[in-house]
Structures are given as C-alpha cells and as structure tokens.
Amino acid sequence: MRRAATALVTWLGIAALLAAHAAKAEETVPSLPALAADISQTSVSGISSGAYMAGQFQVAHASVVVGAAIIAGGPYGCAESAYADVMSGPGLALLNLSKAVNGCMLNALALWGIPDVPRLVEKTKSLAEAGRIDPLSSLLGDRVYLFSGENDRTVVPAIVEAAYAYYRGLGIPEENLAFVTDTPAGHAFVTDTGGLSCELTGKPFVVDCDYDQAGSVLQHIYGPMAARAATPGGVFQEFDQRPFAEGIANHGMARRGVVYIPPSCAGGTTCRVHIAYHGCTQNRAVAGDAFVRGSGYANWADANALIILFPEVSASPVNPQGCWDWWGYTSDDYLTRKAPQIEIVYRMLEELGKPRP
C-alpha cells in the first residue's frame, strides 16, 4: 500500500509539473501585434476551400479589400442549397456539403445548371441590398486573379471558369481579371522554388511548376513591385487566435495562426495586409510550414510593405479535413460579415490596423 501511495504521489507530481509547463507554454504565445497597417488596401488569396473563403471575405468586406486570388476555387455562394431559405442547422449544412462536392468541385451537376452563376450574382446583390455584405459598388474596382491547373481533378477547370463568369456578372471589368489556365499543375499552390512535382495532387499541396504564383497574384492586384527577396528577412510570428473568437461559438478556428512581419513593417513603415488562406489538409497541424513558408508570399513582402496574415482553421468531427467554411458547418450565415470565420479574421485585420503601442 505504501509503495502504491508513493507511486501515486509521484505520478500526480509529474502530472502537475506537465500541466504547469503546458499552461506556461500556452501563456507565452505572442499576441497579434498592432502595426498601424493600412487595412483599406487589403488583399486576399486562397487555395481550394481557402479560395472559397478568400472570395467570401472579399465580398463581405469589399470596402477594404482591393483584390483577391481564387486558386482552384469556384464562385461565391456556390454550395448553398436551394433549400437555404426554408431550412437551417446541420441538415442544411449536409445538403450544402453534398452540393459543394458534386456541384462546386467535380462539376457533376452541370446538367442541372450548377453552378448557376446568374442566380449567384442575384443572391450577392440581395445580400448587399439587405446590408449583410458591403455594397457591390466597392467590388467593381477590385483586381482578381483566378487559377486552374491543367491536372487538377479535385476542383475541375469548369468550376474556376464559373468563378470568372461570376466576377464578370457582378460587373468587374475584364481588364481587372487574370485567369491562368496553362500550367500543368495538380490541385495545389504553385511555386518556382520547391514542392512536389508540378502535376501532382497531395500533401502539402505545394508544387514546383517553375511559376511564381505568389508574385503573379500580388503584382496583378497591386501592380509592379520591387524584386522579391531570396530569403525573407522578417519574422514569421505565431500568435494566439483565441482572443479574436471571443463571443463567437462554433467557429472552427485553430488556437494559433501565423503573421509574417517584414523588418520595415515592424520598424514604422505603413504597410498593407495580404491574407492567405490555406486549403483543406494544409494547415500547420497536417502540412507543417509548407504553405506558410513555401508559398513565397513572404519573399515578396519585405521590399513591398506587405504584412502576410496566415489564419488557420482546425480539423473537427464536422470538418475532418480542416477546411474553411464554404458550406455552412459553422453557421447558416457563413457568407456574410456575420459569418464566424469571416468575423474572426476581420478582427485580426483590425488589430493589425491599430496604432502601434
């Protein structure tokens, strides 16, 4: 008995030390810094589910977003079921998910007119008229980059073509749109410096096609830029995402995200913000830093006054692949400014825009 009691005390002591160490480690995660960024010049990009989220954030907060990149993604609201006006909750999310996969990735519902681009345009207009997203007039000057890899069988080219048609339907001028379709990429973010072989689709969903996608995205949105750095000279800072989710339930966000801060932005330069959304099974828990460091956005940031924000979602029973919410698993209201993930990321953006301490 005495030995058992001694062993129990020992194990309890070890458990207490481990818990204290974990708590201390949790406490030391830095906060997202206030950097006096010019958030009126924000841009967004994403791949796959991140592409859908980039489009959703762009439309919801068009007054501050000047451009977007939709990489292997489709049009805003594509997954919303025809029953959205009469159903709600998990049942609607399941219907949306079926439509998302079959109609907004594989194009298996084309015979039934899905994606229905004219209907999606009208839906967007009705949300703007109701004040649930920013006025559509704020979108008309945006510059949008779209990309579909020739070997992408996950989100097929016809779906990205529908996204292009959606932006044209909203009234964005053709000269503001870039649609790249001649790269033999799989379903992935494309670089010219590293990753899987160009035609492949697989973790970490970064491929080398001798094409600098990050540079193409940023220069299409912002215009000519200073040359990229061979090695980023700033800091990839992990930060605690939880304060930005305060008061928001069922949001699906991970505990931590990453922000890349160039030396100039840390030192007093007024910088813009680019928000880069990862794809499914591409968050750091699964893919490590392959997207955060391997995308190449940070290399362009140093000489071009850009802060790069990499928010993250986590996997869960309702979202096992760690995808951004483009079918309503967090809320029926997943397309508007009140969408949990959109609201949380916007709070992060506001924090970056606050005056420096």
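Residues numbered from 1 in each chain as written. Predicted model: local features only at pLDDT ≥ 70, side-chain atom pairs only at ≥ 80, totals over all residues. Heavy atoms only, no water.

Along the chain, Asn319 falls in the loop between strand E11 (306–310) and helix H11 (340–353). At a separation of 3.4 Å, a polar atom in the side chain of Asn319 contacts the main-chain carbonyl oxygen of Ser314. A distance of 2.9 Å separates a polar side-chain atom of Asn319 from the backbone oxygen of Cys323. Once residues lying within four places of it in the same chain are set aside, the contact partners of Asn319 are Ser314, Trp327 and Tyr329. (Helix = DSSP H or I, 4+ residues; strand = E, 2+ residues; numbered from the N terminus. Polar contact = N/O pair within 3.5 Å; in protein donor to acceptor, adjacent residues only side chain to side chain. Contact = heavy atoms within 4.5 Å.)

The next thing to look at is the pairing of strand E2 (residues 65–71). Buried residues dominate E2, accounting for seven of its seven residues. As paired elements, strand E1 (residues 42–47) and E2 share six bridges and run parallel to each other. Bridge pairing in E2 links Ile47 to Ile71. In this structure, E2 lies alongside strand E3 (residues 143–147), joined through five bridges in parallel fashion. If you follow Ile70 over to E3, its bridge partner there is Leu146. (Buried < 20%, exposed > 50% of the residue type's maximum accessible area, 1.4 Å probe, protein only. Pairing = 2+ DSSP bridges.)

We now examine the sheet that holds E3. Pairing within the open sheet is mixed, and its eight strands lie in the order E4-E3-E2-E1-E10-E11-E9-E8. With partners counted over all chains shown, the strands left at the sheet margins are strand E4 (177–180) and strand E8 (235–240), one partner each. Across the sheet, the mean angle from the axis of one strand to that of its neighbour is 15 degrees, orientation sign disregarded. Here helix H6 (residues 213–222) sits on the sheet and contacts E1, E2, E3, E4, strand E10 (272–277) and E11; the angle it forms with E3, its principal contact strand, is near 155 degrees. (Axes fitted to C-alpha atoms, helices over the stretch in contact; angles between N-to-C directions.)

It is worth spelling out H6 at this point. Among the ten residues in H6, eight count as buried, and that is most of the element. Here H6 has its buried residues at Gln213, Ala214, Gly215, Val217, Leu218, His220, Ile221 and Tyr222. Immediately downstream of H6, the backbone of Gly223 shows phi near 95 degrees, a positive value.

Let us now look at the pattern of salt bridges. Across all of its chains, the model carries 13 salt bridges by this definition. Residue Asp333 is joined to Arg132 by a salt bridge in which the shortest nitrogen-to-oxygen separation is 2.8 Å. Of this pair, Asp333 sits in the loop between E11 and H11 while Arg132 is found in the loop between helix H4 (117–129) and E3, placing the two residues 201 residues apart along the sequence. Glu312 serves as the salt-bridge partner of Arg284, at 2.3 Å between the closest nitrogen and oxygen. Here Glu312 lies in the loop between E11 and H11 and Arg284 lies in helix H8 (residues 284–287), a separation of 28 residues in the sequence. With relative accessibility at 6%, the residue Glu312 sits in the buried group. Connected through shared salt-bridge partners, Glu238, Arg256, Arg284 and Glu312 make up one network. (Salt bridge = Lys/Arg side-chain N within 4 Å of Asp/Glu carboxyl O.)

The buried fraction of E3 is high, at four of five residues. Strand direction decides the pairing type here: E3 and E4, joined by four bridges, are parallel. If you follow Val144 over to E4, its bridge partner there is Leu177.

The grouping of Leu94, Leu97, Val101 and Leu106 at the surface amounts to a nonpolar patch, some 320 Å² of accessible area in total. Inspection of the secondary structure puts Leu106 in the loop between helix H3 (90–104) and H4. Under the relative-accessibility criterion, Leu106 is labelled partly exposed at 42%. (Patch = residues over 30% accessible without salt bridge, like charges linked within 9 Å, V, L, I, M, F, W, Y side chains within 5 Å. Areas by Shrake-Rupley, 256 points an atom, 1.4 Å probe, with all protein chains shown as cover.)

What follows deals with the confidence of the model for the protein. Across the protein, the average pLDDT comes to 93, with 92% of residues at or above 70. Confidence drops under pLDDT 50 across residues 1–25; counting only partners more than four residues distant or on other chains, this segment forms one contact. (pLDDT = per-residue confidence, 0-100.)

Attention shifts here to unusual backbone geometry. In this structure, Pro115 follows Ile114 across a cis peptide bond, with omega equal to 5 degrees. Summarising the element assignment, Pro115 is placed in the loop between H3 and H4. Of note, Phe205 is a non-glycine position whose phi angle comes to about 60 degrees, a positive value.

Moving on to the nonpolar core. With 77 residues, the main nonpolar core has Phe57, Tyr166, Tyr167, Tyr277, Ile307, Leu309 and Leu352 as its most contacted residues. In terms of residue count, helix H5 (residues 157–170) provides more of this core than any other element does, eight residues in total. Ignoring any residue separated from it by four or fewer positions in sequence, one finds Ile307 in contact with Leu35, Ala37, Val259, Tyr260, Pro262, Cys265, Cys271, Arg272, Val273, His274 and Leu352. Core analysis: the next-biggest nonpolar cluster, separate from the first, contains 36 residues, Cys198, Tyr211, Tyr260 and Trp300 among them. (Core = buried A, V, L, I, M, F, W, Y, C linked by side-chain atoms within 4.5 Å.)

Moving on, we come to the state of the cysteines. Tallying each qualifying case throughout the model produces four disulfides. Linked covalently through their sulfurs, Cys78 and Cys104 form a disulfide whose S-S length is 2.1 Å. Between Cys78 and Cys104, the disulfide has an S-S torsion of -95 degrees and is therefore left-handed. Of this pair, Cys78 sits in the loop between E2 and H3 while Cys104 sits in helix H3, and the two are 26 residues apart along the sequence. Here Cys265 is linked by a disulfide to Cys271, with a sulfur-sulfur distance of 2.0 Å. Judged by the torsion about the S-S bond (-100 degrees), the Cys265/Cys271 disulfide is left-handed. Of the two residues examined, Cys265 and Cys271, each falls in the buried class. Once the bonded cysteines of the protein are numbered in order along the sequence, the disulfide links fall as 1-2, 3-4, 5-6, 7-8. (Disulfide = S-S within 2.5 Å.)

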